[in-house]
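# Summary of structural features
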Amino acid sequence: MYRKIKNGSGLTLIELIITILLISAIIGAAILMLTTGLKIWSSDKDRLDIRQNGSLAMERITRYLELANNITAASANSITFAADINNDGTDETVAIVFSDVNRNINITIDGITAILTPDAQSFSLSYYQSNTSASFTPVTQADRDGIRVITISLTMNKGSDTVAFTSSVFCRNQGVV
């Protein structure tokens, strides 16, 4: 009734199950390593994006504020001033405004608005006169003419990453006609 297998070259059921389990464990470990690597890469990419965007925004804001000839409006999260941005001998009107709604910093040069940086969690400006170390809120044009140093604070946020930037600008042309 039962015949013995003369040739022992086949696999038993136990050997087959053990082989499948080992291959599954190896594939599972490879998938886990791959997904962990992708999460780390994505997080590093987000961090790099906000660092680059924040650095570029701070660089442009600093460069433009250094050229300010006449500050016409100033608040804690926006500033409007005249500056010769493109070195053609005439001043352009520049406005830098933080949008609480969209979390963007917008820049307007002679009526043309562009997003300076997305992903801005907060943006603030502090104003200082040359004869004092205390910040003040410039209300009148005489107050705005007295601004000599502006401190810029920017916090960028994307995903779970947050990066803070701070810079101070000496307005070398402010009040010079």
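Residues numbered from 1 in each chain as written. Predicted model: local features only at pLDDT ≥ 70, side-chain atom pairs only at ≥ 80, totals over all residues. Heavy atoms only, no water.

### Topic: the packing of aromatic side chains
Aromatic ring pairs are reported here in terms of the distance separating the ring centres and the angle at which the planes meet. A complete count under the given rule lists one aromatic pair for this structure. Taking 6.4 Å as the distance between ring centres and 40° as the angle between the ring planes, the aromatic pair formed by F98 and F123 counts as tilted. Taken together, the positions of F98 in strand β3 (residues 92-99) and F123 in strand β6 (residues 120-129) put the pair 25 residues apart, joining distant regions of the chain. Like F98, the residue F123 is buried in the burial classification. (Phe/Tyr/Trp six-rings, centres within 6.5 Å; stacked < 30°, edge-to-face > 60°. Helix = DSSP H or I, 4+ residues; strand = E, 2+ residues; numbered from the N terminus. Buried < 20%, exposed > 50% of the residue type's maximum accessible area, 1.4 Å probe, protein only.)

### Some thoughts on unusual backbone geometry
One non-glycine residue, R103, adopts positive backbone phi at about 60°. Mapping R103 onto the fold places it in the loop between β3 and β4 (104-109). On the basis of relative accessibility, which here comes to 36%, the residue R103 falls in the partly exposed class. The backbone of D119 shows a phi angle near 65°, a positive value even though the residue is not glycine. You can see D119 is positioned in the loop between β5 (112-117) and β6. Among the residues examined, D119 registers a relative accessible area of 26% and is labelled partly exposed.

### A few points about the nonpolar core
Formed by 33 residues in total, the largest nonpolar core has its most connected members in I79, F81, I96, F123, I150, I152 and L154. Elements with a minimum of two residues in this core: α1 (13-66), β1 (68-74), β2 (78-83), β3, β4, β6, β7 (147-158) and β8 (161-170). Ranked by residue count, the leading element in this core is α1, at six residues. (Core = buried A, V, L, I, M, F, W, Y, C linked by side-chain atoms within 4.5 Å.)

### Points about the pattern of salt bridges
Tallied over the entire structure, the rule returns five salt bridges. R103 is the salt-bridge partner of D100, the closest N and O atoms lying 3.4 Å from each other. Here D100 falls in the partly exposed class, since its relative accessible area comes to 48%. (Salt bridge = Lys/Arg side-chain N within 4 Å of Asp/Glu carboxyl O.)

By themselves, these are just geometric observations and shouldn't be taken as functional.
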